[in-house]
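# Chains, contacts and geometry: an overview
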Amino acid sequence: MGGAHLSHLHNLHAAVAHRVGYRDTNARGLITSEELSLIKKVERQSRAKIEALHASDGPTYALLYLRLLKKLQRIDTQSCILVLIADALTDHEERIPWFTNASRTDPELPYGPLLRILDSQDDFVQLKATQILTVLLSSEKSPIQPQQLHPFLNTLALFVVNPSPNKRDIAVQCLEAILSRPECRKAVWANASLLGGLVDILRHNPTPQMSYQVGFCLWLLTFEQEVAEQIQKRFDIIPLLVNVAQNAAKEKVIRVIVATFRNLVSKAPQANLPAMLVAQLLPFAKNLSTRKWTDEDIVEDIQFLRDELSARFESLTTYDEYRSELLSGHLSWTPVHESDLFWKENATKLNDNDYELLKILIRLLNESNDPIVLAVASHDIGQYVKHYERGKKFVPVPLRLVHF
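Residues numbered from 1 in each chain as written. Predicted model: local features only at pLDDT ≥ 70, side-chain atom pairs only at ≥ 80, totals over all residues. Heavy atoms only, no water.

## What to know about the overall build of the chain
A count of helices and strands for the chain gives 22 helices and zero strands. Taking 2.2 N^0.38 as the reference for a compact globule, 404 residues should give roughly 22 Å; the C-alpha atoms of the chain span a radius of gyration of 28 Å, well beyond that estimate. Dimensions of the chain along its principal axes, counting C-alpha atoms only, are 90 × 50 × 35 Å. Put simply, the chain has 404 residues, and 49% of those count as buried. Looking at the chain alone, contacts between residues at least 24 apart form 71% of all its contacts between residues at least 6 apart. Surface accessibility of the chain: about 19,600 Å² in total, with carbon and sulfur atoms responsible for 51%. (Helix = DSSP H or I, 4+ residues; strand = E, 2+ residues; numbered from the N terminus. Rg over C-alpha atoms; globule rule 2.2 N^0.38 Å. Buried < 20%, exposed > 50% of the residue type's maximum accessible area, 1.4 Å probe, protein only. Contact = heavy atoms within 4.5 Å. Areas by Shrake-Rupley, 256 points an atom, 1.4 Å probe, with all protein chains shown as cover.)

Set out below in structure tokens:
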């Protein structure tokens with residue numbers, strides 16, 4: 001959020017008093033004489049002078065800026081105040097309490113005015129408010145309230161799917177900053193459009209830096225048990241992450257994805273190991289273990305993955321392999337599908353656990369758009385009916401007609 005990229009707005013500082021005091025006719029409250037006096041002290045002052053005022057009387061000015069933001073509605077006025085807040089906070093984490101403690105004076109502060117202008121039609125105001133909110137929320141000592149967090153995350157969800165690369169970049173940066181907080185991880189997980197937009201970034205060949213940043217967000221999210229248990233089922237994330245890691249040129253991208261895989265295996269092995277085996281993560285992990293790495297953590301994580309996947313692979317029967325493939329949803333013409341002996345021995349096992357695997361085959365046949373998945377699922381249902389006389393009773397008719 002550095003002040004460097006705000007230098008083109010530095011001339012606004014000198015206009016604060018004039019714009020706030022005389023031109024904002026939509027003010028939702030009068031400017032007090034005390035506030036006007038404080039405004040005049042920054043009027044036409046250099047950045048160095050304003051910095052000196054912040055250093056000597058920071059909490060007073062923080063409260064002033066937030067109060068003005070609450071009262072005033074002109075875009076240029078809001079821009080000006082946001083620049084002052086941003087400059088006060090840049091490279092000064094110790095000043096964050098100046099703003100968060102404003103709630104002691106007014107319960108609506110600091111978040112109310114900043115959340116209100118997230119709906120601004122002006123990109124600068126919207127983006128700057130988002131960045132300032134990120135700084136405050138990520139450092140908040142008290143639990144963040146839903147009424148503070150949800151509008152903020154809804155704005156990030158809009159940014160993530162926006163055509164503007166700048167908005168997408170800012171959204172991901174903001175998420176990186178707040179996801180260290182458990183309540184933020186839970187709220188992001190509950191925001192389907194935000195999570196879906198984040199995953200979708202990975203599907204469209206992002207830059208190495210963006211791949212790393214999205215991977216970092218996913219790594220933080222997978223510290224939550226519910227996320228680790230369900231993210232593969234909801235977003236088919238494992239084959240996507242394997243593909244990103246296989247094509248990554250930067251060590252940090254591979255490192256954060258491997259760390260994410262470790263979380264998924266540690267917290268929810270049953271939910272994730274089948275998809276990892278089908279996505280060929282074991283040979284990839286073995287390949288990674290032969291490379292030289294500058295970070296010791298990645299070496300440990302690769303070894304953990306290789307050992308866990310190897311142990312799982314060695315204990316698999318042919319039927320376990322088939323079940324893993326089916327649970328992953330990524331069907332292909334592996335030898336097991338076309339083995340008549342396999343179907344003679346295992347067709348009735350599709351009835352286990354309340355017809356779990358048969359239901360998956362039927363769902364894939366009805367919902368998938370992948371021609372290979374459709375062909376394999378259709379073939380397997382045919383084999384099930386062929387080798388289990390009563391099978392036709394459990395296959396709904398009509399099934400989707402598939403043309404190859």
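Here the narrative resumes.
## Structural notes on helix H16 (residues 269-278)
Here H16 has its buried residues at Asn272, Leu273, Pro274, Ala275, Met276 and Leu277. Here the buried face of H16 lies against helix H13 (225-235), helix H14 (237-246), helix H15 (251-267), helix H17 (281-288), helix H18 (296-314) and helix H19 (318-328). Looking one or two places after H16, you find glutamine 280, whose phi comes out positive at around 60°.

## Describing the nonpolar core
The biggest cluster of nonpolar side chains holds 105 residues, and the ones touching the most others in it are Phe152 and Phe261. The biggest single contributor to this core is helix H3 (residues 47-71), with ten residues. In this structure phenylalanine 261 touches Ile238, Leu241, Val242, Met276, Leu281 and Leu305, once residues within four positions along its chain are discounted. The next biggest cluster of nonpolar side chains, apart from the first, holds 24 residues, and it includes Leu357, Leu358, Ala377 and Ile381. (Core = buried A, V, L, I, M, F, W, Y, C linked by side-chain atoms within 4.5 Å.)

## Side note on the packing of helix H4 (residues 75-89) against helix H7 (residues 123-139)
Put simply, H4 and H7 touch, their axes get as near as 10 Å, and they point 30° apart. Handedness of the H4/H7 crossing: left-handed. Contacts from Ile75, Gln78, Ser79, Leu82, Val83, Ile85, Ala86 and Leu89 in H4 reach Phe124, Val125, Lys128, Ala129, Ile132, Val135 and Leu136 in H7. For the contact of H4 with H7, the per-class residue count stands at twelve nonpolar, two polar and one charged. (Axes fitted to C-alpha atoms, helices over the stretch in contact; angles between N-to-C directions. Left-handed = near helix turned anticlockwise from the far one by under 90°. Nonpolar A, V, L, I, M, F, W, Y, C, P; charged D, E, K, R; others polar.)

Function-wise, these values are silent; they only describe arrangement.
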